[in-house]
Amino acid sequence: MRKYKFFILDFSYFAGFIAFDIKLMKYEKKKGRTLVTEHHFVGRREYFGSLFYDFQKGDYIPFDWDATYIFELSSKNNLDEIAEKVKKRISKESFLTFIQLCKSIELFNSESKLAGELLPYMPVKGRISAPLRVHLQLTNKCDLNCRHCSQETRGPLENELSLKDIYKLIDEMVAIGTFELTLGGGDPFCREKDILKVIKYASEKGVSVYLSTTGLFIGRVLAKKLADYPIKGIRISFDGSTEKSFDYQRGKGTYRRLVRSIKTMRELFNCPISLHTVLMDTNHMEVLSFIKAVQKFRCNHWSVDFIKPVGQAKGNKHVLLTPEQMRDAFRTIVKVQKYSSTSIKINSFPYQSRGKKIYSGFGCVGGNLNCWIDAQGNVFPCSFLKDSFHAGNIRNHSLRDIWIYSANLQLFRAISGNEVCRECKYFEFCRGGCRARAQFEGDVNQIDPACFLEIEDEKKKRKI
Ligand code: SF4
Ligand code: SF4
């Protein structure tokens with residue numbers, strides 16, 4: 001018989017929940033439209049059991065098949081009847097403890113019924129049935145001219161998705177259980193009129209909206225409008241920790257504009273703000289200064305990435321970092337992380353967790369848990385893998401069909417990787433690091449060139 005701890009595949013969720021300030025969500029109905037958030041949770045069947053989205057916390061919780069069976073039974077049976085039906089597999093004690101846990105997060109209501117719905121789709125073998133998060137490039141347009149930009153062009157693309165296309169995408173996301181949407185660009189605020197409509201539409205449907213922006217266009221008027229929506233997080237590009245360094249990357253006067261924007265946002269709304277830095281040749285020595293800036297501007301997180309040879313950076317090779325420089329910057333960050341109160345997230349780097357362990361095989365979250373959709377509707381595993389792994393276009397196919405049936409996505413998920421990673425003790429959470437970086441070196445299977453195990457001697461290898 002099983003102990004209840006196997007019902008929930010991700011106990012970190014509960015650890016987080018206990019620390020979470022629980023505020024009961026006030027369900028609202030606007031203009032007669034029933035919001036999806038009427039259900040506190042929406043679940044979808046997956047190959048391992050099910051995955052429920054918690055609208056309050058903005059997170060997915062994976063459950064195994066026993067738990068999923070209990071959820072299915074709960075609509076027509078009381079607790080005693082369910083316990084009787086599952087008694088061969090689950091002891092009464094474990095069953096009741098599990099129900100208590102579910103009640104503690106309000107997944108079960110006071111009548112011991114599932115507080116939400118399970119979507120009708122059947123699971124897909126070996127992979128999750130739909131992305132957890134869609135990164136949507138709202139427009140390719142950006143008014144800046146950064147030498148390290150990951151995009152090759154700065155104007156809007158021809159025939160960018162219309163509002164109607166985007167609403168259709170959001171409707172489908174809700175139907176298939178994809179409840180997280182990041183709006184990026186270019187700079188998504190270059191579609192200023194549309195972005196507010198998209199945020200409104202998605203929020204009303206219960207989708208958690210995140211923004212990724214230069215932050216430079218958010219003045220007082222716009223910030224007041226943004227404050228009306230439950231935006232879950234704003235990620236602001238911050239590639240220089242001082243005025244001199246920032247203006248060097250982004251253009252004269254941009255630092256002061258950004259500081260004004262951040263102050264306005266802080267004053268007008270409470271949404272978590274993350275300063276996002278791409279470390280490169282010109283700024284990788286500024287780690288401590290970046291962290292100070294995050295604190296000074298009262299931002300919530302520092303998010304760090306390492307430059308990849310793509311877009312403008314491809315033609316500006318001097319901005320790239322050597323593996324040794326990446327290693328040193330990484331080590332400094334990890335050291336500071338131990339003592340700093342600032343929350344730091346290192347992205348797309350070896351040794352970092354690849355998110356929930358609900359997919360198998362080699363590779364990162366791109367294409368396995370999330371996807372990127374460009375401003376014309378083309379779907380890719382992530383924005384850095386757009387040259388080789390085009391999966392389809394949402395104007396021609398549904399997102400679910402693309403996610404499940406695209407040959408390129410299937411190829412990407414099936415990559416065999418390399419022996420070094422497969423035998424590495426960090427593989428279970430690292431999954432081979434960033435595949436885009438490997439691809440830029442010529443082979444998507446090869447070791448992530450940022451992995452400094454390669455440049456350490458055998459003895460040091462185990463001391464990371
Ligand atoms: S060898 Fe591979 S799995 Fe191990 S840390 Fe490096 S990239 Fe990750
Ligand atoms: S391929 Fe690299 S950049 Fe793309 S999602 Fe994976 S880790 Fe991130």
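What you see as residue numbers is a count from 1 along each chain, following the sequence as written. Chains carry letters from A onward and ligands carry numbers from 1 onward, assigned in written order. Per-residue local features are limited, in this predicted model, to residues with pLDDT of at least 70; the limit for side-chain atom pairs, both in listing and counting, is 80 or more; totals at the level of whole chains, interfaces and linings are taken over all residues.

**Let's talk about the site of ligand 2**
What counts here: A molecule or strand has a residue near it when that residue's C-beta atom, placed from backbone coordinates, lies within 6 Å of it. For this classification, the nonpolar set comprises Ala, Val, Leu, Ile, Met, Phe, Trp, Tyr, Cys and Pro, the charged set comprises Asp, Glu, Lys and Arg, and every other residue, Gly included, is treated as polar.
The environment of ligand 2 is made up of S348, C364, V365, G366, C382, F384, L385, C434, R435 and A436. Broken down by class, the residue content of the shell around ligand 2 amounts to seven nonpolar, two polar and one charged.

**Looking at the sheet that holds strand β9 (residues 208-213)**
Formally: One requirement defines pairing of two strands: DSSP has to find at least two bridges between them. For helices the rule is a DSSP run of H or I covering at least 4 residues; for strands it is a run of E covering at least 2, with both sets numbered from the N terminus onward.
With respect to topology, 10 strands assemble into an open sheet ordered β13-β12-β11-β10-β9-β8-β7-β14-β15-β16, the strand pairing being mixed. This sheet does not close on itself; its edge strands, each paired only once, are β13 (343-346) and β16 (392-393). For strand β7 (residues 133-137) and strand β14 (residues 370-373), the ladder comprises four bridges, and the chain directions are parallel. Note that in β14 the partner of H135 across the bridge is W372.

**A word on the site of ligand 1**
Near ligand 1 lie 14 residues; those nearest to it are C421, C424, C430, G433 and C451. The set of elements that each furnish at least two residues to the shell around ligand 1 consists of α14 (419-422) and α15 (427-430). A per-class count over the shell around ligand 1 returns 11 nonpolar, two polar and one charged.

**Concerning the sheet that holds strand β4 (residues 49-54)**
Note the following rule: The angle between two axes is taken between their N-to-C directions and runs from 0 to 180 degrees, where each axis is a line fitted to C-alpha atoms and a helix contributes only its stretch in contact.
Strand order in this open sheet of four strands is β5-β4-β3-β6, and the pairing throughout is mixed. Unpaired on one side and paired on the other, β5 (59-64) and β6 (116-118) mark the two borders of the sheet. Sheet twist, expressed as the average angle between the axes of neighbouring strands with direction ignored, equals 20°. Across three bridges, the pairing between strand β3 (residues 41-46) and β6 is parallel. Each residue of the ladder has a partner; that of V42, found in β6, is E117.

**Concerning the packing of helix α5 (residues 163-176) against helix α6 (residues 192-204)**
Worth spelling out the cut-off: Should an angle fall under 35 degrees it is taken as roughly parallel, and over 145 as roughly antiparallel, whereas 65 to 115 is taken as roughly perpendicular and any remaining angle as oblique. Helix crossings are classified by the rotation of the near helix relative to the far one: an anticlockwise turn of less than a right angle makes the crossing left-handed, while a clockwise turn makes it right-handed. Once C-beta atoms are placed from the backbone, any two residues with those atoms within 7 Å are in contact.
At a minimum axis separation of 10 Å, α5 and α6 run at an interaxial angle of 20°. Relative to α6, the element α5 lies roughly parallel. For α5 against α6, the interelement crossing comes out right-handed. In this structure, α5 uses L163, I166, Y167 and I170 to contact α6, whose residues at the interface are D194, K197, V198, Y201 and A202. Here the residues of the contact of α5 with α6 sort into seven nonpolar, no polar and two charged.

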